[in-house]
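Each chain, letter by letter, is given below.
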Amino acid sequence: MPEESSTATVVPNVVISMLTLVPGEMGGSETYAVNLLHELADLKAVNVSTLFPRPYNDGRSPETRTLISTVAGRSSAHRVGTLAMTLTSRPGRGRIRDADLVHYPFSVPTPLPVASVPFVQTILDVQHRDMPHLFSRSERAFRRLAYDLPARRASAIITISHFSKARIVSALGVDPEKIHVAYLGHQPPALSPNHGEREDFLLYPARMWAHKNHSRLIEAMTLLRNERPTLRLVLTGDPGGHHEALPEWVENRGLVSRDELNDLYRRAACLVFPSLYEGFGLPPIEAMSAGCPTAVAKSGALPEVCGSASVYFDPTSPADIARGITQALKDSSRLSALGPKHASSFSWKRCAQAHAAVYSSVAKSR
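Quick caveat, the model's predicted, so the values are computed rather than measured.

K.L.:
Explanation requested: the pairing of strand E2 (residues 47-53) in the structure shown.
P.N.:
Among the 7 residues in E2, 6 count as buried, and that is most of the element. As paired elements, strand E1 (residues 13-17) and E2 share 5 bridges and run parallel to each other. The residue bridging Val14 from the neighbouring strand is Val48, located in E2. Between the parallel pair E1 and E2, the chain is carried across by helix H1 (residues 28-40), and the sense of this crossover is right-handed.

Here you go:
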């Protein structure tokens, strides 16, 4: 009998560390990690086990799960506390030692990598390098220690756009050959896209972080309302520490469910996305999927991600934001038709497959 081929595919055993997860508090990074785990569970190309913070065990994840006590919270003090408790965790490092590699989807390598086991680090962006004025001194110091230094030692880095890859190479001096781009995905809404009538409001789903640029959007809306006084603005996302009074024509719904957000995408006259910095920018893709016209900033990865299916504006100019919105509203039918097809090229399954390819490459090079 002929001998079996020695080139049979080896399925790598991967540990994914979720120890710095703070559910409901992490925006796009949480969306990314949670959906990645869900899709990896359906792939036969990788065996996944996870390290999860003890308070967040929902009992539903299919992967083998090790629970480790952590200090929950997004402040620098809480994050340092998490590192202190988990860096040398015996259960965590024991799980890593038995694996082919470990992946840190939230950038921070905790527990510490084991010397004999390669590690993969996700870096969504380097905003702390590109826009340092938006970060406290302690947060910049934390990110330099927990993001930047490990990046130079990682076996591979996964990021979410070619824009972010270029910025990582420039800001951190990392070899571009070890940086891999895996576009984020989206979950298409259950209902078909709405190509019909829409209501007289603009939608901006974003937490009130400084780079999300809410103040200039409100200035732009004030200009628009001089010509269209019935136009309203609907905001979603955690306001955080932002308690500035909003005009009466602005409705801030705070955190909303996925069903409510999808409903807003279907009803809004336009999604406007004036962010000053994005490593990817998922809401425009979600809106396109629902047939919602989009007007977005020509900043960060947004032009790369949104392509020809959106109208662009200068996010530093309220007048140009207003111009872009006006153009999108006038071109509503065309943008509504383009959006779903463009959005269909982004899926969590493709994102997971790109990760699995990186895992296999790293495991083979051991």
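K.L.:
How should the pattern of salt bridges be read in this particular structure?
P.N.:
Note that side chains of opposite charge can pair when their charged atoms are close. For the structure shown, the criterion picks out 13 salt bridges. Linking Asp148 and Arg129 is a salt bridge whose minimum nitrogen-to-oxygen distance equals 2.8 Å. One end of the pair, Asp148, is in helix H5 (residues 137-151); the other, Arg129, is in helix H4 (residues 127-130), and 19 residues separate them in sequence. For Asp320, the salt bridge goes to Arg323, with nearest N and O atoms at 2.6 Å. Here Asp320 and its partner Arg323 are both found in helix H11 (residues 318-330), 3 residues apart, which amounts to about one turn of the helix. With a relative accessible area of 17%, Asp320 lands in the buried category.

K.L.:
When you look at the packing of aromatic side chains in this model, what are you seeing that I'm missing?
P.N.:
The description of an aromatic ring pair uses the distance of the two centres, along with the angle that the planes make with each other. On inspection of all chains with the given rule, the structure shows 7 aromatic pairs. Centre to centre, the rings of Tyr104 and Phe119 are 5.9 Å apart; their planes meet at 70 degrees, and the pair counts as edge-to-face. With Tyr104 in strand E4 (residues 101-104) and Phe119 in strand E5 (residues 119-122), this pair connects stretches of sequence that are 15 residues apart. On the basis of relative accessible area, Phe119 is assigned to the buried category, the value being 5%. Ring plane angle 90 degrees and centroid distance 5.4 Å describe the contact between Tyr204 and Phe273, whose orientation is recorded as edge-to-face. Here Tyr204 is found in strand E8 (residues 201-205), whereas its partner Phe273 is found in strand E11 (residues 270-273), with 69 residues between them in sequence. Taken together through their ring pairs, the aromatic side chains of Tyr183, Phe280 and Phe346 make up a single cluster. We note Arg65 situated over the ring of Phe52; from NZ or CZ to the ring centre the distance is 3.7 Å.

K.L.:
In this structure, what is going on with the sheet that holds strand E7 (residues 179-181)? I would like to understand it.
P.N.:
Neighbouring strands of a sheet are bound in pairs by backbone hydrogen bonds; such pairs are parallel or else antiparallel. In spatial order, the strands read E3-E2-E1-E4-E5-E6-E7; together these 7 strands make up an open sheet with parallel pairing. Looking at which strands have only one partner, the edges of the open sheet turn out to be strand E3 (64-68) and E7. On average, each strand axis in the sheet is tilted by 25 degrees relative to the strand beside it, whichever way the strands run. Here H5 sits on the sheet in contact with E5 and strand E6 (156-159), set at roughly 125 degrees to E5. Sheet strands touched by helix H13 (residues 348-364): E1, E4, E5, E6 and E7. Its angle to E4, the strand with the most contacts, is close to 140 degrees.

K.L.:
Would you mind showing me how to read the nonpolar core here?
P.N.:
Soluble globular proteins tend to bury their nonpolar side chains together. With 82 residues, the main nonpolar core has Leu40, Leu202, Leu233 and Ile325 as its most contacted residues. In contact with Leu40, other than residues within four places in its own chain, are Ile16, Val46, Val48, Ala352 and Tyr359. If you look at the next biggest cluster of nonpolar residues, it comprises 22 residues, including Val15, Val117, Met131 and Tyr277.

Cut-offs used in this document
- Residues numbered from 1 in each chain as written.
- Predicted model: local features only at pLDDT ≥ 70, side-chain atom pairs only at ≥ 80, totals over all residues.
- Heavy atoms only, no water.
- Buried < 20%, exposed > 50% of the residue type's maximum accessible area, 1.4 Å probe, protein only.
- Helix = DSSP H or I, 4+ residues; strand = E, 2+ residues; numbered from the N terminus.
- Pairing = 2+ DSSP bridges.
- Right-handed = clockwise from strand over helix to strand, strands pointing away.
- Salt bridge = Lys/Arg side-chain N within 4 Å of Asp/Glu carboxyl O.
- Phe/Tyr/Trp six-rings, centres within 6.5 Å; stacked < 30°, edge-to-face > 60°.
- Lys NZ or Arg CZ within 6 Å of the ring centre and 35° of its normal.
- Axes fitted to C-alpha atoms, helices over the stretch in contact; angles between N-to-C directions.
- Contact = heavy atoms within 4.5 Å.
- Core = buried A, V, L, I, M, F, W, Y, C linked by side-chain atoms within 4.5 Å.

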